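# What the coordinates show
Letter by letter, the chains look like this.
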Amino acid sequence: MSKFPNNIFGIVQDDLVAVEKELYSIIQSPVDLVNDISVHLVQAGGKRLRPALYLLCARGATPNQAELLPMAVAIELIHMATLVHDDVIDDAATRRGRPTANARWGNHSSVLTGDYLFAKAFSAVTLGAAKNMLKILTDVICTMCEGEIVQLKESFNPNQDEADYRLRVAQKTAEFIAASCELGALSGQMVQSDVAQVREYGYAIGMAFQITDDILDFTASAEQLGKPVGNDLRQGIVTLPVIYALKNSPYRDELRSIVIKQAMSDNDVKRGLEIVHATDAVEYSYAQVHKYLQHARNSLPATLNSPVRESLLAVADFVGLRKF
């Protein structure tokens, strides 16, 4: 279940419990291996941020509560599918402190199970969702795939700038969180102008969330992250702290020589982290996080009911403070 404080999602807590139960139900397969991998992925948990935001935004107006569950489940299934595919691409051994599916069952079975989860997501909503909502889902999956491909193409490339980075973050993370909020607003039958504002809130939250993730790769412990520290750097993923250090550090040439290595040693990673920490890259990156969070707060429609507004503001506050 969600690792956010209970009070943030309190007004949709019962719905999130129902989402969790439905996730276990919908992934059941007569093929034992598919079932085992899918259950492992659900048990790995996570913040359930996307379905929670969907449910909150749906509560911002007057939705039919009975119709919300399938889309919330579909959103989380899509997220799970992208994570299992990402782990295969990254050859990741752990996520959230647990072995990844690919580490336990191999790449082939994991990729196919990810495909299975995508199919289950659309199976969940195929009868009830409007065409425009299905298009939002399919478009955002395309966008996430494009972002992942761009990231692969630009791995170990020290010549990326902030604009390149922000576009990649938008594609990989922010657009999906924006879509989750937009789908909630549409389910809640908000007026179109409010739907656009809620989507903007989600986009800004997504940008802040991913930049914070990228900062934590430099500042958190392995125990907090559930994966090795400096993992992005080792994989050649050039994030905002590195981009800043490559521009501002007196050791930028040394950092550049580390970034381009496709087989970094532990000492290379350690030295790269040291160079980044010797600048104010972390402080600069957090400043960008707080700009996005303030934009998120300012984007909320005035028409939102008070409990939903307070919850969405609390999400923004928590994203700015989180350490995992």
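Above this text is the structure in question.
These numbers were taken from a predicted model, which means no experiment stands behind them.

### Brief notes about the overall build of the protein chain
Of the regular secondary structure elements, the protein chain holds 16 helices and 2 strands. Here the protein chain has a C-alpha radius of gyration of 20 Å; the compact-globule value for 324 residues is 20 Å, and the two agree. In terms of overall dimensions, the protein chain has a C-alpha envelope of 60 × 50 × 30 Å along the principal axes. Among the 324 residues that make up the protein chain, the fraction classed as buried is 55%. In the protein chain, the proportion of contacts linking residues at least 24 apart, taken out of those at least 6 apart, comes to 74%.

### Examining helix H15 (residues 281-299)
Between its terminal C-alpha atoms H15 stretches 27 Å, which fits the 27 Å expected from 19 residues at 1.5 Å a residue. Residues of H15 that are buried include every one of Ala281, Val282, Ser285, Tyr286, Gln288, Val289, Tyr292, Leu293, Ala296 and Ser299, and no others. End-on view of H15: buried residues confined to an arc of 155°, all on one side of the axis. In H15, those exposed residues whose orientation departs by more than 90 degrees from the buried face are Glu283, Lys291 and Asn298. Those residues of H15 that are buried are in contact with helix H8 (162-187), helix H9 (192-219), helix H12 (240-248), helix H14 (266-277) and helix H16 (306-321).

### Description of helix H13 (residues 252-259)
Those residues of H13 not exposed but buried are Leu255, Ile258 and Val259. End-on, the buried residues of H13 take up no more than an arc of 100°, which puts them together on one face. Contacts made by the buried residues of H13 are with helix H11 (231-234), H12 and H14.

### Let's talk about the packing of aromatic side chains
With the rule as written, the count across this model stands at 1 aromatic pair. With a centroid separation of 4.7 Å and an interplanar angle of 25°, the aromatic rings of tyrosine 244 and tyrosine 284 are classed as stacked. In this pair, tyrosine 244 sits in helix H12 while tyrosine 284 sits in helix H15, placing the two residues 40 residues apart along the sequence. For tyrosine 244, a relative accessible area of 15% translates into the label buried. Exposure remark for tyrosine 284: the relative accessible area of 25% places this residue in the partly exposed category. One cation-aromatic arrangement involves arginine 271 over tyrosine 251; the distance from NZ or CZ to the ring centre is 5.1 Å.

### Describing unusual backbone geometry
Glycine aside, negative phi is the norm for most residues, and most peptide bonds take the trans geometry. Here aspartate 91, not a glycine, exhibits a phi torsion of approximately 55°, which is positive. With respect to the element layout, aspartate 91 can be found in the loop between helix H4 (69-90) and strand E1 (94-95). Exposure remark for aspartate 91: the relative accessible area of 62% places this residue in the exposed category. The residue glutamine 189 is not glycine, and still its phi comes out positive at about 60°. By the element assignment, glutamine 189 lies in the loop between H8 and H9. The class of glutamine 189 is exposed, set by a relative accessible area of 58%.

### Some remarks on the environment of alanine 130
Note that alanine 130 resides in the loop between helix H6 (107-125) and helix H7 (131-153). A residue is classified by how much of its surface remains accessible, and alanine 130, at 35% relative accessible area, is partly exposed. Taking the C-alpha atoms as reference, alanine 130 lies 9.7 Å from leucine 186; in sequence the two are 56 residues apart.

### Re the state of the cysteines
A full pass over the atoms with the stated rule returns 0 disulfides. With no disulfide of its own, cysteine 142 lies 6.6 Å from the sulfur of cysteine 145, the closest cysteine sulfur. Cysteine 57 provides the cysteine sulfur closest to cysteine 181, a residue in no disulfide bond, and the two sulfurs are 3.9 Å apart. Of the residues examined, cysteine 181 reaches a relative accessible area of 0% and is grouped as buried.

### Here's the deal with the packing of H4 against H8
Running from N to C, H4 and H8 cross one another at 170°; their axes reach a closest spacing of 11 Å. Considering their axes alone, H4 and H8 lie roughly antiparallel with respect to each other. In this structure, H4 uses Met71, Ile75, Ile78, His79 and Asp86 to contact H8, whose residues at the interface are Lys172, Phe176, Ser180 and Leu183. Here the residues of the contact of H4 with H8 are counted per class, giving 5 nonpolar, 2 polar and 2 charged.

### Side note on the packing of helix H3 (residues 49-58) against H16
It is the contact of H3 with H16, at a shortest axis distance of 10 Å, that shows an interaxial angle of 155°. It follows that H3 is roughly antiparallel to H16 by the angle criterion. Regarding H3 and H16, the two cross each other, and that crossing is left-handed. Along the contact surface, H3 presents Leu49, Leu53, Leu56 and Cys57, while H16 presents Val308, Ser311, Leu312 and Val315. Tallied by class, the residues present in the contact of H3 with H16 amount to 7 nonpolar, 1 polar and no charged.

Rules of the game
- Residues numbered from 1 in each chain as written.
- Predicted model: local features only at pLDDT ≥ 70, side-chain atom pairs only at ≥ 80, totals over all residues.
- Heavy atoms only, no water.
- Helix = DSSP H or I, 4+ residues; strand = E, 2+ residues; numbered from the N terminus.
- Rg over C-alpha atoms; globule rule 2.2 N^0.38 Å.
- Buried < 20%, exposed > 50% of the residue type's maximum accessible area, 1.4 Å probe, protein only.
- Contact = heavy atoms within 4.5 Å.
- Expected span 1.5 Å × (residues − 1).
- Arc of directions from axis to C-beta.
- Phe/Tyr/Trp six-rings, centres within 6.5 Å; stacked < 30°, edge-to-face > 60°.
- Lys NZ or Arg CZ within 6 Å of the ring centre and 35° of its normal.
- Disulfide = S-S within 2.5 Å.
- Axes fitted to C-alpha atoms, helices over the stretch in contact; angles between N-to-C directions.
- Parallel < 35°, antiparallel > 145°, perpendicular 65-115°, else oblique.
- Nonpolar A, V, L, I, M, F, W, Y, C, P; charged D, E, K, R; others polar.
- Left-handed = near helix turned anticlockwise from the far one by under 90°.

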